[in-house]
Amino acid sequence: AEATKTGMFKKAFPERFIDCGIAECNMAGVAAGLSLTGKIPFMSSFAMFAAGRAFEQVRNSICYPKLNVKVAATHAGLTVGEDGASHQAIEDLGLMRGIPGMCVICPADGVAAAKAIRAVTEHEGPCYVRLGRSKVEIVYDETLEFEIGKGNVLREGKGVAIVACGIMVEKALAACEMLAEKGIQATVVDMHTIKPIDKDLLVKLAET
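Throughout what follows, the structure given in this document is the object of discussion. (Residues numbered from 1 in each chain as written. Predicted model: local features only at pLDDT ≥ 70, side-chain atom pairs only at ≥ 80, totals over all residues. Heavy atoms only, no water.)

## Let's talk about the pairing of strand β6 (residues 160-164)
Which entries qualify depends on this criterion: Strands pair, by our definition, only if DSSP identifies at least two bridges between them. Starting at the N terminus, helices and strands are each numbered in turn, a helix being any DSSP run of H or I of at least four residues and a strand any DSSP run of E of at least two. When the strands point away from the viewer, a crossover counts as right-handed if the route from the first strand across the helix to the second turns clockwise.
By the bridge criterion, 5 bridges tie β6 to strand β7 (residues 186-190) in an arrangement that is parallel. Residue pairing for β7: Ile162 is matched across the bridge by Val188. A crossover connection joins β6 to the parallel β7 through helix α7 (residues 168-181); in handedness this β-α-β unit is right-handed.

Structure below.
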């Protein structure tokens, strides 16, 4: 709870917080049970354990029956620093995307993350939200209208398109600036929803 910052929620709403300990497989089952009572449970742990250790339970207990459970996975990718390779989940997006019925989202910054959590709360069905650990530059302001399944074009260009998600959006914008110095105007897209992906936008990019 301390590492994932869910302890802040516990402090505000202790009666709505359940600590399952270091037992993500069991936590997935608890979340599934809560969903069956009509609640909207958020299951949170490091991405390596929420998507990796508990993969079978997320697949069979949550997604197979299409339960309304949200998996908020933190410390994803290579952002876990001193925790090392055992905690670095680089395959979690592939694992979660491969499960039928799972919605997969990877927001670019804190503003987008907050909007994404609100969006998945309103979305009916299982969702996986991938969150990092390290600080990132703020990409959006509070006017952002976050829509599941719709990528955001952050820079308009022609001939070159950089499509990114999560912490790589910041890097994509930096790359766009470097290309601009060489006279190349690149389009930059924040493809925050990995599944369902914005196929129409990808086709449009390919045509331009």
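## Concerning the environment of Ala108
Quick reminder of the rule: Whether two residues touch is decided by their heavy atoms; if any such pair falls within 4.5 Å, the residues are in contact.
Assignment of secondary structure puts Ala108 in the loop between β3 (103-105) and α6 (110-122). Residues Ala108 and Glu137, spaced 29 residues apart in sequence, show a C-alpha to C-alpha distance of 8.9 Å. When sequence neighbours within four positions are dropped, the list of residues in contact with Ala108 reads Val136, Tyr140, Gly166, Val169 and Asp190.

## Things to note about the state of the cysteines
Operational definition: Disulfides are defined as pairs of cysteine sulfur atoms found within 2.5 Å of each other.
Within this structure, the stated rule accounts for 0 disulfides. In this structure Cys106 is a free cysteine whose sulfur lies 3.9 Å from that of Cys165, the closest cysteine sulfur available.

## Let's talk about the pairing of strand β4 (residues 127-130)
Along any regular strand the residues' side chains alternate between the sheet's two faces. We apply this condition: The buried label applies to any residue whose accessible area, calculated with a 1.4 Å probe on protein chains only, is under 20% of its type's maximum; exposed applies above 50%, and partly exposed to all values in between.
Here β4 shows a buried face lined by Cys127 and Val129 and a second buried face lined by Tyr128 and Arg130. Alignment of β3 against β4, held across 3 bridges, turns out to be parallel. Bridging across to β4, Ile105 finds its partner in Val129. Crossover β3 to β4 through α6 is right-handed.

## Focus on the nonpolar core
Put simply, the test is: Remark: nonpolar core denotes a set of buried residues (Ala, Val, Leu, Ile, Met, Phe, Trp, Tyr, Cys) joined through side-chain atoms within 4.5 Å.
Formed by 28 residues in total, the largest nonpolar core has its most connected members in Met43, Val58, Ile62, Met96, Met102, Val104 and Tyr128. Ranked by residues supplied to this core, first place goes to helix α2 (residues 24-36) with 4 residues. Look past the residues within four positions of Ile62 in its chain and what remains in contact with it is Ala28, Ala32, Met43, Gln57, Leu67, Val69 and Pro126. Formed by 24 residues, the second largest nonpolar core is a distinct cluster that contains Ala112, Val129, Leu131 and Leu154.

## Thoughts on the sheet that holds strand β8 (residues 193-195)
This is how it is decided: All axes here are fitted lines through C-alpha atoms, helices being fitted over the stretch that makes contact, and every angle between N-to-C directions spans 0 to 180 degrees.
Taken in spatial order, the 5 strands of this open sheet run β1-β2-β4-β3-β8, and their pairing is mixed. One side of each edge strand has no neighbouring strand; the edge strands of this open sheet are β1 (42-46) and β8. Each neighbouring strand pair of the sheet contributes to a mean axis angle of 20°, computed without reference to strand direction.

## A few points about α6
Within an α-helix, residues lying three or four positions from one another point in the same direction, as the helix has 3.6 residues per turn. Just so we agree on the cut-off: Residue count minus one, scaled by 1.5 Å, sets the expected span of a helix. A 3.5 Å cut-off defines polar contacts: any pair of N or O atoms within that distance qualifies, except that in protein one atom must be a possible hydrogen donor and the other a possible acceptor, and neighbouring residues in sequence count only when both atoms are side-chain atoms.
End to end, α6 covers 19 Å across 13 residues, agreeing with the expected 18 Å (1.5 Å per residue, within 8%). Listing the buried residues of α6 in full gives Val111, Ala112, Ala113, Lys115, Ala116, Ala119 and Val120. At its buried positions, α6 is contacted by β1, β2 (70-74), β3 and β4. Measuring from the backbone nitrogen of Val111 back to the side-chain oxygen at the start of α6 gives 3.2 Å, which picks out Asp109 as the cap.

## Observations concerning the sheet that holds β7
With mixed pairing, the 3 strands of this open sheet are ordered in space as β5-β7-β6. Every other strand in the sheet has two partners, leaving β5 (152-155) and β6 as the edge strands with one partner each. Shown here is a sheet whose adjacent strand axes are inclined to one another by a mean of 30°, direction ignored.

## Structural notes on a nonpolar patch on the surface
Put simply, the test is: Only residues whose relative accessible area exceeds 30% and that form no salt bridge enter a patch; like-charged residues are grouped when within 9 Å of one another, and nonpolar side chains (Val, Leu, Ile, Met, Phe, Trp, Tyr) when within 5 Å. Surface accessibility in these figures is a Shrake-Rupley result with a 1.4 Å probe; residues are shielded only by whichever protein chains are displayed. When a carboxyl oxygen of Asp or Glu is within 4 Å of a side-chain nitrogen of Lys or Arg, the pair counts as a salt bridge.
Residues Val163, Ile197 and Leu202 make up a contiguous nonpolar surface patch of about 200 Å² in total accessible area. Mapped onto the secondary structure, Ile197 falls in the loop between β8 and α8 (199-207). Under the relative-accessibility criterion, Ile197 is labelled partly exposed at 33%.

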